[in-house]
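A structural walkthrough
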Amino acid sequence: MDKYLNKRKNLAYPYVVWSVGFTVIPLIVILRYALLDRTGAFTLSNILAIVDPVNLKALIFSLEIAGGCTLICILLAYPLVLALKRLNFGGRRSTIFILILPMWMNFILKLLAWQMILSSNGILNLVLSRMGIGSIDISNTYISIMIGVVYDYLPYMVLPLYDAVSAIDDDIIEAAEDLGAKKLTVFGRIIFPLSIPGLMSGITMVFVPSMTSFVTADILGGGKLQLVGNIIEQEFIQSMDWNMGAGLSVALMIFVLISMAFTVEKHEQSDRQEETAW
Amino acid sequence: MGNIILELRGISKSFDGKKILDDLTLDIEKNEFVTLLGPSGCGKSTLLRIIGGFVKPDSGQVFFEGQDITLLPPEKRQVHTVFQKYSLFPHMNVSDNIAFGLKLKKKPKEYINEKVRYALHLVNMDGYGDRMTTSLSGGQQQRIAIARAIVNEPKMLLLDEPLGALDLKLRHEMQRELMRIKHEVGITFVYVTHDQEEALTMSDRIVVMNQGIIQQMGTSKSIYDEPQNAFVADFIGDSNIINGIMLKDRLVLIQGIEVECVDEGFDANEPVDVVIRPEDLIIGTKGSGFTNGIVTNLIYKGAYYDISVTAGTHEWSVQSNVPAAVNSEVSLSIDPENIQIMRKPKSSDEEVIDKLG
């Protein structure tokens, strides 16, 4: 049995080689750049540069985008997964299919399409003025960035949440109704708490990537609004200051790890409950 | 009539064009233990879900204490359900599960604590309040589910095959527990099961259902001793059911043999179903009974022997305290009083027995 298990472990080696080559070694390289200045001497100033007013502003803007995107995704996802739970098998499958469909399209292509839709003489304003509402100018604002990230990351919120909610037994919901709970109470006391593990995976998959999606900010923000990712990109590509770029990356990474540790800890708590639960 | 708590009037329900309940009418009395008994798909669970408010009937009305509650949602009914799969809330401990309904009603904290303690005591689970429900065994979980329903003082408790997932010994224990709890709290129980032994043990009244209609209603004894049709006879306990012809009053022809019985009032030469309980057949030496046959099978069942006797084309099922050797020739005899004669079913609804066997 032990031998068999050991053999199975060998199957992981291709991935181990891959992750050492393309994750671990690059991380070490970045860390080395971050801790050295241009002359090769040890310094913390690259990492601490995150608190420079310009960089800090970008970091805060990134947090706003990520937080807003996560919140909007949650608000869109819950009604959807609750409706999905009620649908029959066919309806559920086609809804999930439509949800996943945009994930198969190229990311840049989707952003360029959104740019066309949202631009001041784009499709959105054409439709609005035809309807007599008049045009609105949201291109190159945080609103269009927000639309871009929500569009991109919504499926990553819906799918884990859908898994969690559809795993809740109908009998449990009926039992709550039977004991006098109205629909809203059933959601607050039963469905929401039982869906927290799914919600946590959704948050980790939406919050972190939306915080750093600098290409979205580039294309839909017109280069005027900068996320932390944009600053890092500029350090590497325009200023050619790899030390500074690496330093800011490490600072961001530390920040992400801290917020993840917070979420994951909560997630594990509810997981532990699950374990005794099932 | 003042004693009636629930009236079901002409309830019909179809799913996907299949008729589940057909114009069913039933009264349930206050403090009664009524069991809805029938094979799976007979409509008993749907009827229970209609009483609980989870399913709306296509036609017909439900009255609770004289008030029409047909369209009232489940959370507003004074009726609580105990589900087969227990359906406890997995993210709450035992106390929070039991207190769920009381908390929704915003009862004071001391009152809730007192009630939870009482409910735990009632179901013999003192001291389990802080346990997570999912660390409990099936039997314990079902006790908590019962406590969770009863603590709200419903006027009627609906139980949907609550013991179906438990093993035999535990099931017997829980049957006694349920009867004790019913006795202590004094509320109406409507119990759904497909287990005839469970129904016979616990019920004040049994409602035997099949194909969406009530086949027979009555006490355990009346249903067992005097089944009104071949379906009920076959479903309640074991039975030999065989075609016969009523020659005249008190004389029936079975497989070409004239046998004395006590039934009267049939047409001359009317085809009938003859029902004989296996424990009523007596095995004797060849030639001493109404028919002779060969023992084809013998199974020891603990309290009795299950013996198959083939006579002509029919295989009789006999239960006896004494064994009979396989392949030996024996006779079968019966007390005329133990023969039940039934009219052949007129509607297709009652013909299930033909399909069964």
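Conventions adopted
Residues numbered from 1 in each chain as written. Chains lettered and ligands numbered in written order. Predicted model: local features only at pLDDT ≥ 70, side-chain atom pairs only at ≥ 80, totals over all residues. Heavy atoms only, no water. Helix = DSSP H or I, 4+ residues; strand = E, 2+ residues; numbered from the N terminus. Buried < 20%, exposed > 50% of the residue type's maximum accessible area, 1.4 Å probe, protein only. Contact = heavy atoms within 4.5 Å. Areas by Shrake-Rupley, 256 points an atom, 1.4 Å probe, with all protein chains shown as cover. Lys, Arg positive; Asp, Glu negative; His and termini not counted. Charge placed at Lys NZ, Arg CZ, Asp CG, Glu CD. Patch = residues over 30% accessible without salt bridge, like charges linked within 9 Å, V, L, I, M, F, W, Y side chains within 5 Å. Salt bridge = Lys/Arg side-chain N within 4 Å of Asp/Glu carboxyl O. Pairing = 2+ DSSP bridges. Axes fitted to C-alpha atoms, helices over the stretch in contact; angles between N-to-C directions. Buried area = accessible area lost by both parts, 1.4 Å probe. Polar contact = N/O pair within 3.5 Å; in protein donor to acceptor, adjacent residues only side chain to side chain.

**Notes on the overall build of chain A**
Counting secondary structure elements, chain A contains 13 helices and zero strands. Seen in sequence order, chain A has helices and strands lined up from the N terminus as α-α-α-α-α-α-α-α-α-α-α-α-α. With respect to the principal axes defined by its C-alpha atoms, chain A has extents near 70 × 70 × 30 Å. Put simply, chain A has 278 residues, and 40% of those count as buried. By sequence separation, contacts in chain A at least 24 residues apart represent 70% of the contacts at least 6 residues apart. Accessible surface, chain A as shown: approximately 16100 Å² in total, 68% of it carbon and sulfur. Distance between charge centroids for chain A: 5 Å, based on 19 positive and 22 negative side chains.

**Structural notes on a nonpolar patch on the surface**
All names here are of chain A. Taken together, the side chains of Tyr 13, Val 16, Val 20, Val 24, Ile 25, Ile 28, Val 29, Tyr 33, Met 240 and Trp 242 make up a nonpolar region of the molecular surface, amounting to roughly 910 Å² of accessible area. Looking at the nonpolar patch element by element, the count peaks at eight residues for helix 2 (residues 13-34). Inspection of the secondary structure puts Tyr 13 in helix 2.

**A word on the sheet that holds strand 18 (residues 314-320) of chain B**
All names here are of chain B. The strand order 15-19-16-17-18 describes an open sheet built from five strands, whose pairing is antiparallel. The sheet is open, and its two borders are formed by strand 15 (282-285) and strand 18, each paired with just one other strand. Averaged over all neighbouring strand pairs, the angle between strand axes comes to 45 degrees, with direction disregarded. Here strand 15 runs beside strand 19 (residues 329-333); their pairing, made up of four bridges, is antiparallel. The partner of Gly 284 across the bridge, within strand 19, is Ser 331.

**Considering the interface of chain A and chain B**
The interface is formed by 21 residues belonging to chain A together with 25 residues belonging to chain B. Around 2100 Å² of area is buried between chain A and chain B when both sides are counted, 62% of it from carbon and sulfur atoms. The tally of links between chain A and chain B comes to two salt bridges. Linking B:Arg49 and A:Glu174 is a salt bridge whose minimum nitrogen-to-oxygen distance equals 2.8 Å. Where chain A touches chain B, the interface holds six residue pairs in polar contact (both at pLDDT 80 or more). Breaking the side of chain A that touches chain B down by element, the ones donating at least two residues are helix 9 (170-178), helix 10 (183-211) and helix 13 (242-277) of chain A. Of the residues forming the side of chain A that touches chain B, the biggest block, seven residues, is contributed by helix 9 of chain A.

**Concerning helix 9 of chain A**
For helix 9 of chain A, the buried fraction is high: eight of the nine residues fall into the buried class. Looking at helix 9 of chain A, one finds that the buried residues are A:Asp171, A:Ile172, A:Ile173, A:Glu174, A:Ala175, A:Ala176, A:Glu177 and A:Asp178. Where the residues of helix 9 of chain A are buried, they touch helix 4 (53-86) and helix 10 of chain A together with helix 1 (44-52), strand 6 (79-82), helix 2 (94-104) and helix 4 (138-150) of chain B. Once helix 9 of chain A finishes, A:Gly180 follows within two positions and takes phi at roughly 110 degrees, a positive value.

**Brief notes about the sheet that holds strand 6 of chain B**
Residue and element names in this part refer to chain B. With respect to topology, six strands assemble into an open sheet ordered 6-7-8-3-9-10, the strand pairing being mixed. Two strands close off the open sheet at either side, each with one partner strand: strand 6 and strand 10 (213-218). Averaged over all adjacent pairs, the angle separating strand axes in this sheet is 20 degrees, with direction ignored. Here strand 3 (residues 33-37) pairs with strand 8 (residues 188-193) via five bridges, running parallel. In the sheet register, Leu 36 faces strand 8, and the bridge partner there is Val 192.

**Concerning the environment of B:Asn292**
All names here are of chain B. Tracing the backbone shows Asn 292 in strand 16 (residues 291-300). Since its relative accessible area comes to 33%, Asn 292 is described here as partly exposed. Separated by 38 residues in sequence, Asn 292 and Val 330 place their C-alpha atoms 5.7 Å apart. Discounting chain neighbours no more than four positions away, the residues touching Asn 292 are Lys 286, Gly 287, Ala 311, Val 330 and Ser 331. Looking at Asn 292, its side chain comes within polar contact range of the main-chain nitrogen of Gly 287, at 2.8 Å.

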